[in-house]
Amino acid sequence: MKSKQGKYFVGTILILVFAGVLLLSGCEEVQKEPTEKRIEIKAGNDDGGVVVLNSLLPNLTAGFLNGGVGTEEGTILGVITAGENDVTSRALYRFDISEWNNTADMVFHLKCLYRHGNPGMIDIYVVDDFGPLPSVQEADPSDVSDIWNLSESGEKVGSISPSAGEWFEITISKSIIEVKKTSEGYLAFMIKLSDENIQTGNFYTFLNYEYAVSHNEHKPYLTKATL
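Residues numbered from 1 in each chain as written. Predicted model: local features only at pLDDT ≥ 70, side-chain atom pairs only at ≥ 80, totals over all residues. Heavy atoms only, no water.

Q: Even after reading the chapter, I still don't get the layout of surface pockets, so can you show me in this structure?
A: Volume-wise, the largest pocket comes out at about 370 Å³. Taken together, 20 residues make up the lining of the largest pocket; nearest its centre are Val 51, Asn 66, Ile 76, Ser 89 and Gln 137. Of all elements in the fold, only strand 2 (47-53), strand 3 (62-66), strand 4 (75-82) and strand 5 (85-96) reach the threshold of two or more residues within the lining of the largest pocket. The element best represented in the lining of the largest pocket is strand 2, accounting for five residues. In the lining of the largest pocket, the residues fall into eight nonpolar, eleven polar and one charged. (1 Å grid on protein atoms, 1.4 Å probe; cavity = no way out; pocket = protein on both sides within 12 Å on 5 of 7 lines; lining within 4 Å. Points joined across faces, edges and corners; volume = space filled by probe spheres on them. Helix = DSSP H or I, 4+ residues; strand = E, 2+ residues; numbered from the N terminus. Nonpolar A, V, L, I, M, F, W, Y, C, P; charged D, E, K, R; others polar.)

Q: Please explain the packing of aromatic side chains as it appears in this structure.
A: Aromatic ring pairs: the centre-centre distance and the angle between the two ring planes describe each pair. The final tally for this structure, using the stated rule, is seven aromatic pairs. Centre to centre, the rings of Phe 95 and Phe 189 are 6.0 Å apart; their planes meet at 85°, and the pair counts as edge-to-face. Placement of Phe 95 in strand 5 and of Phe 189 in strand 11 (residues 186-193) is noted, with a sequence separation of 94 residues between them. There is no split in this pair, since Phe 95 and Phe 189 are both buried. Between Phe 108 and Phe 189 the ring centres are 4.3 Å apart and the planes differ by 20°, which places this aromatic pair in the stacked class. Placement of the pair is Phe 108 in strand 6 (residues 106-116) and Phe 189 in strand 11, with a sequence separation of 81 residues. Phe 108 gets classed as buried once you look at its relative accessible area, which sits at 0%. For Phe 189, a relative accessible area of 0% translates into the label buried. Taking NZ or CZ as reference, Arg 90 lies 3.6 Å from the ring centre of Trp 148, over its face. Lying over the aromatic face of Tyr 186, Arg 94 brings its terminal NZ or CZ to 3.8 Å of the ring centre. (Phe/Tyr/Trp six-rings, centres within 6.5 Å; stacked < 30°, edge-to-face > 60°. Buried < 20%, exposed > 50% of the residue type's maximum accessible area, 1.4 Å probe, protein only. Lys NZ or Arg CZ within 6 Å of the ring centre and 35° of its normal.)

In short, shape yes, function no, at least from these values alone.
Following this line, the structure appears as structure tokens:
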């Protein structure tokens, strides 16, 4: 006849085994939530800005392109004073969506870092691809009309008044994506003030690749739109 201690020992083992089976079966039932698929800006020269000298408008669209050096604190959009000149800046973003299945709308996600003065609303356009931007700004202004005027042939996808320190989202229909996506698989955006005829000192600063890397932030990105 088994002793009471032996019965107690066997009973304890059975309880532990049973509990282990429950834990294992429970682990099998727990499933991880699917992670959100994102397409981020791939390189520093895939986003940046185009800036024109206000004093030369409308007769001459002269200014600068920059997609790298000097943009570590974000991309400026609006009217500012640079040196002795008043300039107007627009923001540019391009994404490689070559591996994306174009069966749904997409959402453009961007963070407004700062808001200075009262720049008002912004307009977001899907435009023809402008190609990689120069990593270093040229010393002298040049004709940038081919980039500056992309909004005229672009598809306006939204107008908002972003808040400083917050992300905003703009949905792009798959029909626009099909038209504007290049054969290499790039989809490009231009963002500008709705009213650029405002006083200097009214501007936004937006997240870009360089800021994201240096401040450990998410880069600007695209996702699939949800119903």
